[in-house]
Amino acid sequence: MECHKTTEHTAYPLFYDVEPSEVRKQRGAVEKAFAKHENEEAAEKWRDALKEAADLAGWELKNTADRHEAKFIQKVVGEISLELRSIDFSFDEKLVGMETRIYDVLSFLRTSLNDVRTIGIKGMGGGGKTTLARAVFDQISFQFEGKSFVENVREVSKASLSGLKSLQNQILSDVFSDQSISVSSVYDGKNMMKKRMNSKKVLLVLDDVDHIEQLEALVGETNWFKPGSRIIITTRDEQVLVAHGVKSIHNVKLLSDNEAICLFNRYAFVRETPDLTYKELSRLVVHYADGLPLTIRVLGSFLCGKNELEWTDALKRLKTIPLMETLKKLELSYTSLEEDYKEIFLDVACILKGWSKALAIEALESCGFHARNGLRVLEQKSLITINHNGYLGMHDHIEEMGKNIIRRTHPDMPHKHSRLWIDEEIEDVLANDLGSNKIYTILRV
(Lines give C-alpha, C1' and ligand atoms only; values in the text may rest on other atoms or scores of the structure.)
Protein backbone atom coordinates (compact mmCIF):
# COMPACT_ATOMS: atom_id res chain seq x y z
CA MET A 1 0.00 0.00 0.00
CA GLU A 2 2.99 2.30 0.51
CA CYS A 3 3.98 1.61 -3.12
CA HIS A 4 0.41 2.36 -4.23
CA LYS A 5 0.67 5.84 -2.74
CA THR A 6 3.58 6.69 -5.04
CA THR A 7 3.10 7.88 -8.62
CA GLU A 8 4.98 4.88 -10.03
CA HIS A 9 2.90 1.96 -8.73
CA THR A 10 -0.69 0.75 -8.66
CA ALA A 11 -2.02 -1.97 -6.35
CA TYR A 12 -4.81 -4.43 -7.22
CA PRO A 13 -6.20 -6.74 -4.49
CA LEU A 14 -6.90 -10.42 -5.20
CA PHE A 15 -9.56 -11.80 -2.85
CA TYR A 16 -8.64 -15.47 -2.64
CA ASP A 17 -11.37 -17.41 -0.79
CA VAL A 18 -12.29 -14.34 1.22
CA GLU A 19 -15.02 -11.70 0.94
CA PRO A 20 -13.93 -8.10 0.31
CA SER A 21 -16.27 -7.03 3.14
CA GLU A 22 -14.48 -9.41 5.52
CA VAL A 23 -11.20 -7.69 4.73
CA ARG A 24 -12.69 -4.19 4.84
CA LYS A 25 -14.54 -4.68 8.17
CA GLN A 26 -12.07 -7.32 9.37
CA ARG A 27 -14.63 -9.88 10.34
CA GLY A 28 -14.89 -13.65 9.93
CA ALA A 29 -11.67 -15.34 8.86
CA VAL A 30 -9.76 -12.05 8.90
CA GLU A 31 -10.86 -11.26 12.43
CA LYS A 32 -9.77 -14.71 13.62
CA ALA A 33 -6.40 -14.33 11.95
CA PHE A 34 -5.75 -10.96 13.60
CA ALA A 35 -6.74 -12.37 17.01
CA LYS A 36 -3.53 -14.37 16.95
CA HIS A 37 -1.41 -11.25 16.48
CA GLU A 38 -3.05 -8.64 18.70
CA ASN A 39 0.06 -8.13 20.79
CA GLU A 40 2.38 -7.62 17.83
CA GLU A 41 3.63 -4.11 17.15
CA ALA A 42 2.90 -4.24 13.38
CA ALA A 43 -0.67 -5.53 13.76
CA GLU A 44 -2.27 -2.07 13.58
CA LYS A 45 -0.33 -1.15 10.45
CA TRP A 46 -1.50 -4.38 8.84
CA ARG A 47 -5.10 -3.63 9.77
CA ASP A 48 -4.93 -0.17 8.20
CA ALA A 49 -3.23 -1.45 5.07
CA LEU A 50 -5.81 -4.22 4.54
CA LYS A 51 -8.71 -1.80 5.00
CA GLU A 52 -7.21 0.46 2.33
CA ALA A 53 -6.56 -2.48 0.00
CA ALA A 54 -10.14 -3.73 0.34
CA ASP A 55 -11.41 -0.39 -0.99
CA LEU A 56 -9.49 -0.81 -4.26
CA ALA A 57 -10.92 -2.44 -7.38
CA GLY A 58 -9.67 -5.98 -7.78
CA TRP A 59 -10.69 -9.59 -8.40
CA GLU A 60 -12.44 -12.31 -6.39
CA LEU A 61 -11.55 -15.89 -7.13
CA LYS A 62 -15.05 -17.16 -6.39
CA ASN A 63 -16.44 -15.06 -9.29
CA THR A 64 -14.52 -17.02 -11.93
CA ALA A 65 -16.04 -19.96 -13.74
CA ASP A 66 -15.83 -23.17 -11.68
CA ARG A 67 -13.44 -21.44 -9.24
CA HIS A 68 -10.70 -22.56 -11.62
CA GLU A 69 -7.43 -20.88 -10.64
CA ALA A 70 -5.93 -21.04 -14.14
CA LYS A 71 -8.93 -19.18 -15.56
CA PHE A 72 -8.66 -16.68 -12.73
CA ILE A 73 -5.00 -16.05 -13.48
CA GLN A 74 -5.77 -15.68 -17.19
CA LYS A 75 -8.44 -13.08 -16.44
CA VAL A 76 -6.12 -11.08 -14.16
CA VAL A 77 -3.28 -11.11 -16.69
CA GLY A 78 -5.60 -10.06 -19.52
CA GLU A 79 -7.18 -7.15 -17.68
CA ILE A 80 -3.91 -5.91 -16.20
CA SER A 81 -2.38 -5.92 -19.70
CA LEU A 82 -5.07 -3.52 -20.87
CA GLU A 83 -4.34 -1.25 -17.93
CA LEU A 84 -0.67 -0.98 -18.81
CA ARG A 85 -0.92 2.25 -20.74
CA SER A 86 2.69 3.19 -20.08
CA ILE A 87 4.03 1.15 -22.94
CA ASP A 88 7.60 -0.13 -22.68
CA PHE A 89 9.28 1.10 -25.86
CA SER A 90 12.63 -0.49 -25.08
CA PHE A 91 12.37 -2.59 -28.28
CA ASP A 92 12.49 0.59 -30.40
CA GLU A 93 13.44 3.89 -28.83
CA LYS A 94 12.43 5.77 -31.98
CA LEU A 95 8.74 4.92 -31.71
CA VAL A 96 6.77 8.12 -31.21
CA GLY A 97 3.06 8.67 -30.70
CA MET A 98 2.35 4.95 -30.38
CA GLU A 99 0.95 4.77 -26.86
CA THR A 100 -2.59 5.97 -27.63
CA ARG A 101 -2.65 4.16 -30.98
CA ILE A 102 -1.67 0.87 -29.33
CA TYR A 103 -4.28 1.34 -26.63
CA ASP A 104 -6.99 1.97 -29.24
CA VAL A 105 -6.23 -1.41 -30.83
CA LEU A 106 -5.88 -3.21 -27.48
CA SER A 107 -9.21 -1.85 -26.28
CA PHE A 108 -10.90 -3.73 -29.12
CA LEU A 109 -8.81 -6.89 -28.96
CA ARG A 110 -9.75 -7.37 -25.27
CA THR A 111 -7.44 -10.32 -24.81
CA SER A 112 -9.20 -11.27 -21.58
CA LEU A 113 -12.33 -12.33 -23.49
CA ASN A 114 -12.70 -15.88 -24.72
CA ASP A 115 -13.77 -15.34 -28.34
CA VAL A 116 -12.02 -15.09 -31.71
CA ARG A 117 -11.46 -11.47 -32.76
CA THR A 118 -10.15 -9.99 -36.00
CA ILE A 119 -9.19 -6.35 -36.50
CA GLY A 120 -8.09 -4.61 -39.69
CA ILE A 121 -5.57 -1.75 -39.61
CA LYS A 122 -5.98 0.34 -42.76
CA GLY A 123 -4.09 3.34 -44.11
CA MET A 124 -1.87 4.77 -46.82
CA GLY A 125 1.60 3.43 -47.56
CA GLY A 126 4.27 4.63 -45.14
CA GLY A 127 1.62 5.67 -42.59
CA GLY A 128 2.74 3.38 -39.76
CA LYS A 129 0.44 0.35 -40.12
CA THR A 130 3.25 -2.20 -39.80
CA THR A 131 4.87 -0.30 -36.94
CA LEU A 132 1.57 -0.22 -35.04
CA ALA A 133 0.87 -3.92 -35.66
CA ARG A 134 4.39 -4.86 -34.54
CA ALA A 135 4.13 -2.76 -31.38
CA VAL A 136 0.80 -4.39 -30.46
CA PHE A 137 2.22 -7.83 -31.25
CA ASP A 138 5.25 -7.25 -29.01
CA GLN A 139 3.01 -5.91 -26.26
CA ILE A 140 0.59 -8.86 -25.96
CA SER A 141 2.18 -11.91 -27.60
CA PHE A 142 3.21 -13.38 -24.22
CA GLN A 143 -0.48 -14.03 -23.47
CA PHE A 144 -0.84 -16.58 -26.29
CA GLU A 145 0.07 -20.22 -26.72
CA GLY A 146 1.27 -19.63 -30.27
CA LYS A 147 2.16 -16.55 -32.31
CA SER A 148 3.18 -15.56 -35.83
CA PHE A 149 3.95 -12.20 -37.45
CA VAL A 150 3.78 -12.58 -41.23
CA GLU A 151 5.47 -9.69 -43.04
CA ASN A 152 5.00 -8.57 -46.65
CA VAL A 153 2.05 -10.84 -47.48
CA ARG A 154 1.42 -9.00 -50.77
CA GLU A 155 5.02 -9.23 -51.92
CA VAL A 156 5.63 -12.85 -50.89
CA SER A 157 2.33 -14.20 -52.23
CA LYS A 158 2.91 -12.66 -55.66
CA ALA A 159 6.63 -13.47 -55.91
CA SER A 160 5.98 -17.04 -57.07
CA LEU A 161 3.27 -19.64 -57.52
CA SER A 162 4.26 -21.14 -54.17
CA GLY A 163 4.08 -17.82 -52.32
CA LEU A 164 0.86 -18.51 -50.39
CA LYS A 165 2.03 -22.03 -49.59
CA SER A 166 5.25 -20.68 -48.08
CA LEU A 167 3.24 -18.27 -45.91
CA GLN A 168 1.03 -21.12 -44.68
CA ASN A 169 4.20 -23.05 -43.82
CA GLN A 170 5.53 -20.04 -41.93
CA ILE A 171 2.40 -19.66 -39.79
CA LEU A 172 2.21 -23.36 -38.93
CA SER A 173 5.94 -23.53 -38.19
CA ASP A 174 5.77 -20.44 -35.97
CA VAL A 175 2.76 -21.70 -33.98
CA PHE A 176 3.94 -25.32 -33.75
CA SER A 177 7.65 -24.56 -33.43
CA ASP A 178 8.34 -27.89 -31.71
CA GLN A 179 7.10 -29.89 -34.71
CA SER A 180 8.27 -30.39 -38.28
CA ILE A 181 5.53 -29.20 -40.64
CA SER A 182 5.46 -29.13 -44.43
CA VAL A 183 2.56 -28.05 -46.66
CA SER A 184 2.40 -29.62 -50.14
CA SER A 185 -0.14 -27.19 -51.67
CA VAL A 186 -2.32 -24.21 -50.77
CA TYR A 187 -5.33 -26.53 -50.58
CA ASP A 188 -3.42 -28.87 -48.28
CA GLY A 189 -2.33 -25.87 -46.22
CA LYS A 190 -5.92 -24.73 -45.72
CA ASN A 191 -6.95 -28.16 -44.50
CA MET A 192 -3.98 -28.45 -42.19
CA MET A 193 -4.56 -25.01 -40.68
CA LYS A 194 -8.27 -25.73 -40.21
CA LYS A 195 -7.46 -28.95 -38.34
CA ARG A 196 -4.53 -27.75 -36.24
CA MET A 197 -4.89 -24.04 -35.48
CA ASN A 198 -7.87 -24.59 -33.18
CA SER A 199 -5.69 -26.50 -30.71
CA LYS A 200 -3.89 -23.35 -29.51
CA LYS A 201 -4.86 -19.81 -28.60
CA VAL A 202 -2.84 -17.83 -31.13
CA LEU A 203 -1.92 -14.27 -32.02
CA LEU A 204 -1.56 -13.88 -35.79
CA VAL A 205 -0.56 -10.73 -37.70
CA LEU A 206 -0.85 -10.60 -41.49
CA ASP A 207 0.98 -7.50 -42.71
CA ASP A 208 0.30 -5.76 -46.05
CA VAL A 209 -2.57 -7.85 -47.39
CA ASP A 210 -4.00 -6.73 -50.73
CA HIS A 211 -6.22 -9.58 -51.97
CA ILE A 212 -9.07 -11.65 -50.55
CA GLU A 213 -7.36 -14.83 -51.78
CA GLN A 214 -4.58 -14.25 -49.24
CA LEU A 215 -7.04 -14.10 -46.34
CA GLU A 216 -8.90 -17.17 -47.57
CA ALA A 217 -5.64 -19.13 -47.56
CA LEU A 218 -4.15 -17.81 -44.32
CA VAL A 219 -7.02 -17.18 -41.90
CA GLY A 220 -10.06 -18.76 -43.55
CA GLU A 221 -12.99 -18.83 -41.12
CA THR A 222 -13.03 -17.90 -37.44
CA ASN A 223 -13.77 -21.54 -36.56
CA TRP A 224 -10.23 -22.39 -37.68
CA PHE A 225 -9.03 -20.80 -34.44
CA LYS A 226 -9.30 -21.64 -30.76
CA PRO A 227 -11.41 -19.23 -28.67
CA GLY A 228 -9.24 -16.46 -27.29
CA SER A 229 -7.24 -16.14 -30.52
CA ARG A 230 -6.63 -12.71 -32.05
CA ILE A 231 -5.96 -11.84 -35.71
CA ILE A 232 -4.58 -8.48 -36.91
CA ILE A 233 -4.57 -7.62 -40.64
CA THR A 234 -2.86 -4.54 -42.10
CA THR A 235 -3.80 -3.31 -45.57
CA ARG A 236 -4.10 -0.28 -47.79
CA ASP A 237 -7.36 -1.59 -49.24
CA GLU A 238 -10.44 -1.51 -47.02
CA GLN A 239 -12.44 -3.58 -49.51
CA VAL A 240 -10.26 -6.63 -48.79
CA LEU A 241 -11.31 -6.43 -45.13
CA VAL A 242 -14.97 -5.83 -45.98
CA ALA A 243 -15.04 -8.78 -48.38
CA HIS A 244 -13.60 -11.06 -45.69
CA GLY A 245 -16.21 -9.95 -43.18
CA VAL A 246 -13.90 -8.02 -40.87
CA LYS A 247 -16.22 -5.86 -38.78
CA SER A 248 -13.65 -3.78 -36.89
CA ILE A 249 -11.53 -1.62 -39.19
CA HIS A 250 -9.08 0.76 -37.56
CA ASN A 251 -7.83 3.74 -39.62
CA VAL A 252 -4.22 4.42 -38.68
CA LYS A 253 -3.70 8.07 -37.74
CA LEU A 254 -0.85 10.08 -39.21
CA LEU A 255 1.41 11.92 -36.79
CA SER A 256 0.41 15.23 -35.25
CA ASP A 257 2.81 18.17 -35.63
CA ASN A 258 4.24 17.62 -32.15
CA GLU A 259 4.66 13.87 -32.71
CA ALA A 260 6.22 14.49 -36.11
CA ILE A 261 8.81 16.94 -34.82
CA CYS A 262 9.68 14.58 -31.96
CA LEU A 263 10.20 11.64 -34.35
CA PHE A 264 12.21 13.78 -36.75
CA ASN A 265 14.48 15.01 -33.96
CA ARG A 266 15.25 11.45 -32.89
CA TYR A 267 16.44 10.59 -36.40
CA ALA A 268 18.08 13.89 -37.35
CA PHE A 269 19.70 14.74 -34.00
CA VAL A 270 19.46 11.40 -32.11
CA ARG A 271 17.59 13.20 -29.33
CA GLU A 272 14.18 14.75 -28.73
CA THR A 273 15.24 18.41 -28.75
CA PRO A 274 16.91 19.86 -31.86
CA ASP A 275 19.78 22.27 -32.11
CA LEU A 276 18.12 25.73 -32.03
CA THR A 277 20.04 26.60 -35.20
CA TYR A 278 17.97 24.05 -37.08
CA LYS A 279 14.60 24.77 -35.46
CA GLU A 280 13.05 26.58 -38.44
CA LEU A 281 14.55 24.16 -40.96
CA SER A 282 13.18 21.25 -38.93
CA ARG A 283 9.74 22.85 -39.00
CA LEU A 284 9.92 23.08 -42.81
CA VAL A 285 10.89 19.40 -43.10
CA VAL A 286 8.02 18.33 -40.86
CA HIS A 287 5.60 20.52 -42.84
CA TYR A 288 6.73 18.81 -46.04
CA ALA A 289 6.28 15.33 -44.49
CA ASP A 290 2.68 16.18 -43.57
CA GLY A 291 2.49 13.60 -40.77
CA LEU A 292 3.80 10.64 -42.81
CA PRO A 293 6.22 8.62 -40.60
CA LEU A 294 8.11 7.11 -43.55
CA THR A 295 9.04 10.53 -44.96
CA ILE A 296 10.04 11.81 -41.53
CA ARG A 297 12.33 8.84 -40.90
CA VAL A 298 13.92 9.01 -44.37
CA LEU A 299 14.58 12.76 -44.24
CA GLY A 300 15.74 12.64 -40.62
CA SER A 301 18.30 9.94 -41.40
CA PHE A 302 19.41 11.74 -44.58
CA LEU A 303 19.92 15.12 -42.88
CA CYS A 304 21.60 13.74 -39.75
CA GLY A 305 25.12 15.21 -39.49
CA LYS A 306 24.69 17.69 -42.36
CA ASN A 307 25.22 21.45 -42.02
CA GLU A 308 22.69 24.27 -42.53
CA LEU A 309 23.58 24.90 -46.17
CA GLU A 310 23.10 21.22 -46.98
CA TRP A 311 19.73 21.22 -45.18
CA THR A 312 18.62 24.28 -47.16
CA ASP A 313 19.76 22.72 -50.44
CA ALA A 314 17.89 19.47 -49.65
CA LEU A 315 14.67 21.38 -48.94
CA LYS A 316 14.96 23.36 -52.20
CA ARG A 317 15.46 20.11 -54.09
CA LEU A 318 12.23 18.66 -52.64
CA LYS A 319 10.26 21.48 -54.28
CA THR A 320 11.05 20.08 -57.73
CA ILE A 321 12.31 16.52 -57.13
CA PRO A 322 10.09 14.36 -54.88
CA LEU A 323 11.49 12.00 -52.27
CA MET A 324 11.78 8.80 -54.28
CA GLU A 325 11.77 6.37 -51.34
CA THR A 326 8.36 7.68 -50.27
CA LEU A 327 7.00 7.76 -53.84
CA LYS A 328 8.01 4.14 -54.48
CA LYS A 329 6.18 3.02 -51.35
CA LEU A 330 3.06 5.00 -52.23
CA GLU A 331 3.06 3.96 -55.87
CA LEU A 332 2.39 0.33 -54.94
CA SER A 333 -1.22 1.38 -54.31
CA TYR A 334 -1.42 3.01 -57.75
CA THR A 335 0.06 0.09 -59.69
CA SER A 336 -2.52 -2.29 -58.21
CA LEU A 337 -5.39 -0.27 -59.73
CA GLU A 338 -7.24 -1.26 -62.89
CA GLU A 339 -6.53 1.01 -65.86
CA ASP A 340 -9.68 3.17 -65.69
CA TYR A 341 -9.22 3.67 -61.93
CA LYS A 342 -5.62 4.77 -62.60
CA GLU A 343 -6.94 7.48 -64.93
CA ILE A 344 -9.48 8.65 -62.34
CA PHE A 345 -6.71 8.75 -59.72
CA LEU A 346 -4.47 10.88 -61.96
CA ASP A 347 -7.37 13.26 -62.65
CA VAL A 348 -7.92 13.73 -58.92
CA ALA A 349 -4.21 14.21 -58.22
CA CYS A 350 -3.69 16.76 -60.99
CA ILE A 351 -7.08 18.44 -61.34
CA LEU A 352 -9.91 17.43 -59.01
CA LYS A 353 -8.39 17.60 -55.51
CA GLY A 354 -10.53 20.03 -53.51
CA TRP A 355 -13.58 19.64 -55.77
CA SER A 356 -16.92 18.53 -54.39
CA LYS A 357 -17.65 14.85 -54.98
CA ALA A 358 -20.76 15.75 -57.01
CA LEU A 359 -18.86 18.02 -59.41
CA ALA A 360 -15.99 15.53 -59.70
CA ILE A 361 -18.43 12.75 -60.61
CA GLU A 362 -20.06 14.99 -63.21
CA ALA A 363 -16.69 15.85 -64.75
CA LEU A 364 -15.42 12.27 -64.75
CA GLU A 365 -18.65 10.84 -66.15
CA SER A 366 -18.48 13.36 -69.00
CA CYS A 367 -15.15 11.68 -69.89
CA GLY A 368 -16.78 8.25 -69.94
CA PHE A 369 -15.61 7.00 -66.52
CA HIS A 370 -17.71 5.07 -64.00
CA ALA A 371 -16.94 7.74 -61.46
CA ARG A 372 -18.99 6.76 -58.40
CA ASN A 373 -17.44 3.33 -58.17
CA GLY A 374 -14.02 4.65 -59.15
CA LEU A 375 -13.90 7.25 -56.36
CA ARG A 376 -15.09 4.64 -53.86
CA VAL A 377 -12.26 2.30 -54.91
CA LEU A 378 -9.69 5.08 -54.50
CA GLU A 379 -11.07 5.92 -51.06
CA GLN A 380 -10.96 2.29 -49.94
CA LYS A 381 -7.36 2.00 -51.15
CA SER A 382 -6.37 5.02 -49.02
CA LEU A 383 -5.49 7.09 -52.09
CA ILE A 384 -8.14 9.79 -51.56
CA THR A 385 -10.35 11.04 -48.75
CA ILE A 386 -13.87 12.45 -48.90
CA ASN A 387 -14.65 14.72 -45.95
CA HIS A 388 -17.99 15.13 -44.19
CA ASN A 389 -18.84 18.05 -46.49
CA GLY A 390 -18.35 15.87 -49.56
CA TYR A 391 -15.06 17.33 -50.86
CA LEU A 392 -12.21 15.29 -52.33
CA GLY A 393 -8.93 15.30 -50.44
CA MET A 394 -5.56 13.66 -50.95
CA HIS A 395 -2.36 13.55 -48.91
CA ASP A 396 0.28 15.90 -50.33
CA HIS A 397 2.70 13.04 -51.05
CA ILE A 398 0.07 11.02 -52.91
CA GLU A 399 -0.75 14.11 -54.99
CA GLU A 400 2.98 14.53 -55.60
CA MET A 401 3.23 10.88 -56.63
CA GLY A 402 0.36 11.25 -59.14
CA LYS A 403 1.86 14.34 -60.71
CA ASN A 404 5.26 12.64 -60.88
CA ILE A 405 3.71 9.75 -62.84
CA ILE A 406 2.44 12.26 -65.43
CA ARG A 407 5.69 14.23 -65.73
CA ARG A 408 8.45 11.65 -65.49
CA THR A 409 8.22 10.12 -68.99
CA HIS A 410 8.80 13.55 -70.61
CA PRO A 411 10.03 15.79 -67.77
CA ASP A 412 10.93 18.78 -69.95
CA MET A 413 8.16 18.50 -72.53
CA PRO A 414 4.81 19.53 -70.99
CA HIS A 415 3.11 19.33 -74.39
CA LYS A 416 3.51 15.55 -74.18
CA HIS A 417 1.86 15.30 -70.76
CA SER A 418 -1.71 14.04 -70.54
CA ARG A 419 -2.65 16.66 -67.93
CA LEU A 420 -1.51 20.26 -67.45
CA TRP A 421 -1.98 22.18 -64.20
CA ILE A 422 0.93 24.66 -64.03
CA ASP A 423 0.02 28.11 -65.44
CA GLU A 424 3.39 28.78 -67.07
CA GLU A 425 3.36 25.44 -68.89
CA ILE A 426 -0.23 25.93 -70.03
CA GLU A 427 0.60 29.41 -71.39
CA ASP A 428 3.67 28.07 -73.18
CA VAL A 429 1.74 25.21 -74.81
CA LEU A 430 -1.10 27.51 -75.94
CA ALA A 431 1.07 30.46 -77.00
CA ASN A 432 3.39 28.29 -79.08
CA ASP A 433 0.64 26.06 -80.48
CA LEU A 434 2.24 22.94 -79.00
CA GLY A 435 -1.03 21.25 -78.13
CA SER A 436 -1.61 17.66 -79.22
CA ASN A 437 -4.06 14.83 -78.75
CA LYS A 438 -1.91 13.63 -75.84
CA ILE A 439 -3.31 16.47 -73.71
CA TYR A 440 -6.89 15.90 -72.63
CA THR A 441 -7.17 17.76 -69.32
CA ILE A 442 -6.10 21.32 -68.45
CA LEU A 443 -6.62 23.07 -65.11
CA ARG A 444 -6.37 26.85 -65.22
CA VAL A 445 -6.97 28.64 -61.92
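Residues numbered from 1 in each chain as written. Predicted model: local features only at pLDDT ≥ 70, side-chain atom pairs only at ≥ 80, totals over all residues. Heavy atoms only, no water.

As named in an unreviewed UniProt entry, the protein is TIR domain-containing protein, taken from Lactuca virosa.

Caption draft 1: Structural detail: the overall build of the protein. A tally of helices and strands in the protein yields 21 helices and 11 strands. For the protein, whose C-alpha radius of gyration is 28 Å, the value lies well above the compact-globule estimate of 22 Å for 445 residues. In terms of principal-axis extent, the alpha carbons of the protein reach across some 105 × 60 × 45 Å. Per-residue burial over the protein gives 45% buried out of 445 residues. When the accessible area of the protein is evaluated, it comes to approximately 23,900 Å², of which 50% is carbon and sulfur surface. Computing the positive centroid from 60 side-chain charges and the negative centroid from 68, the protein places the two 3 Å apart. (Helix = DSSP H or I, 4+ residues; strand = E, 2+ residues; numbered from the N terminus. Rg over C-alpha atoms; globule rule 2.2 N^0.38 Å. Buried < 20%, exposed > 50% of the residue type's maximum accessible area, 1.4 Å probe, protein only. Areas by Shrake-Rupley, 256 points an atom, 1.4 Å probe, with all protein chains shown as cover. Lys, Arg positive; Asp, Glu negative; His and termini not counted. Charge placed at Lys NZ, Arg CZ, Asp CG, Glu CD.)

Caption draft 2: Helix α5 (residues 98–109), seen in detail. Over its 12 residues, α5 extends 16 Å from the first C-alpha to the last, a length consistent with the 16 Å expected when each residue adds 1.5 Å. Of the residues one or two after α5, Arg-110 is the one with positive phi, at around 40 degrees. (Expected span 1.5 Å × (residues − 1).)

Caption draft 3: Local environment of the packing of aromatic side chains. A full pass over the atoms with the stated rule returns eight aromatic pairs. Note on Tyr-278 and Trp-311: the rings are 4.7 Å apart at their centroids and 50 degrees apart in plane angle, and the pair reads as tilted. Here the residue Tyr-278 occupies a position in the loop between α12 (257–268) and α13 (279–289), and Trp-311 occupies one in helix α15 (residues 308–318), the gap between them amounting to 33 residues. When its relative accessible area of 1% is taken as the criterion, Trp-311 is described as buried. Among the aromatic residues, ring-to-ring pairing joins Phe-264, Phe-269, Tyr-278 and Trp-311 into one connected group. Here Lys-201 stacks its cationic end above the ring of Phe-144, 5.3 Å away from the centre of that ring. (Phe/Tyr/Trp six-rings, centres within 6.5 Å; stacked < 30°, edge-to-face > 60°. Lys NZ or Arg CZ within 6 Å of the ring centre and 35° of its normal.)

Caption draft 4: Representation of the sheet that holds strand β3 (residues 117–122). Across the sheet, which stays open at both edges, the five strands sit in the order β4-β5-β6-β3-β7 with parallel pairing between neighbours. The open sheet has two edge strands, β4 (146–150) and β7 (248–251), and neither has a second partner. The mean inter-strand angle of the sheet, taken between neighbouring strand axes irrespective of direction, is 15 degrees. Looking at chain direction, β3 and strand β6 (residues 230–235) are connected through six bridges and run parallel. Looking at the pairing, Ile-121 lines up with Thr-234 of β6. Here helix α6 (residues 129–140) sits on the sheet and contacts β3, β4, β5 (202–209), β6 and β7; the angle it forms with β4, its principal contact strand, is near 165 degrees. Against the sheet, helix α8 (residues 163–175) makes contact with β4 and β5, and its axis sits at roughly 150 degrees relative to β4, the strand it touches most. (Pairing = 2+ DSSP bridges. Axes fitted to C-alpha atoms, helices over the stretch in contact; angles between N-to-C directions. Contact = heavy atoms within 4.5 Å.)

Caption draft 5: Representation of helix α21 (residues 423–431) in the model. Buried within α21 are the following residues: Glu-425, Ile-426 and Val-429. The arc that holds every buried residue of α21, seen down its axis, measures 100 degrees, which confines them to one face. Of the residues in α21, the exposed ones pointing more than 90 degrees away from the buried face are Glu-424 and Ala-431. Of the residues trailing α21, Asp-433 is marked for its positive phi of about 50 degrees. (Arc of directions from axis to C-beta.)

Caption draft 6: Spotlight on the pairing of β6. Across the six residues of β6, six count as buried, placing the element largely inside the fold. In this structure, β5 lies alongside β6, joined through five bridges in parallel fashion. Its bridge partner lying in β6, Leu-206 is registered against Ile-233. Each parallel crossover has a hand, and for β5 linked through helix α10 (residues 212–218) to β6 it is right-handed. (Right-handed = clockwise from strand over helix to strand, strands pointing away.)

Caption draft 7: Molecular detail of unusual backbone geometry. Positive phi, close to 60 degrees, is recorded for Asp-17, a residue that is not glycine. Relative to the helices and strands, Asp-17 resides in the loop between β1 (14–15) and α1 (20–25). We note that Ser-382 has phi near 65 degrees; this positive angle belongs to a residue other than glycine. Mapped onto the fold, Ser-382 is located in the loop between α19 (371–380) and β8 (385–386).

Caption draft 8: Here's a closer look at the side chain of Gln-26. Mapped onto the fold, Gln-26 is located in the loop between α1 and α2 (28–35). You can call Gln-26 buried: its relative accessible area is 7%. A distance of 2.8 Å separates the side chain of Gln-26 from the backbone oxygen of Arg-47, its partner in a polar contact. Ignoring anything within four residues of it in the chain, the contact list for Gln-26 reads Ser-21, Glu-31, Phe-34, Arg-47, Leu-50 and Lys-51. (Polar contact = N/O pair within 3.5 Å; in protein donor to acceptor, adjacent residues only side chain to side chain.)

Caption draft 9: The arrangement of the packing of α12 against helix α14 (residues 293–303) in detail. Where α12 meets α14, the axes come as close as 7 Å, and the angle between the chain directions of the two elements is 35 degrees. Every pair of crossing elements has a handedness; the one defined by α12 and α14 is right-handed. Here Ala-260, Leu-263, Phe-264, Tyr-267 and Ala-268 of α12 come into contact with α14, specifically with Pro-293, Ile-296, Arg-297, Leu-299, Gly-300, Ser-301 and Leu-303. Of the residues that constitute the contact of α12 with α14, the class distribution is nine nonpolar, two polar and one charged. (Left-handed = near helix turned anticlockwise from the far one by under 90°. Nonpolar A, V, L, I, M, F, W, Y, C, P; charged D, E, K, R; others polar.)

Caption draft 10: Spotlight on the side chain of Lys-201. Along the chain, Lys-201 turns up in the loop between α9 (186–196) and β5. It is Glu-145 that comes nearest to the buried, bridge-free Lys-201 among opposite-charge side chains, at 6.8 Å. When neighbours within four sequence positions are excluded, Lys-201 is seen to be in contact with Gln-74, Gln-143, Phe-144, Glu-145, Gly-146, Lys-226, Pro-227, Gly-228 and Ser-229. (Salt bridge = Lys/Arg side-chain N within 4 Å of Asp/Glu carboxyl O.)

Caption draft 11: Here's a closer look at the nonpolar core. Counting 33 residues, the largest nonpolar core has Leu-337, Ile-344, Phe-345, Val-348, Leu-375, Ile-398 and Met-401 as its most contacted members. When residues of this core are traced back to their parent elements, those giving at least two are α16 (324–335), α17 (339–352), α18 (357–366), α19 and α20 (396–407). If one sorts the elements of this core by residue count, α17 sits on top with nine residues. Not counting residues within four places of it along the chain, the set of residues in contact with Leu-375 comprises Ile-344, Val-348, Lys-357, Ile-361, Leu-364, Ile-384 and Leu-392. (Core = buried A, V, L, I, M, F, W, Y, C linked by side-chain atoms within 4.5 Å.)

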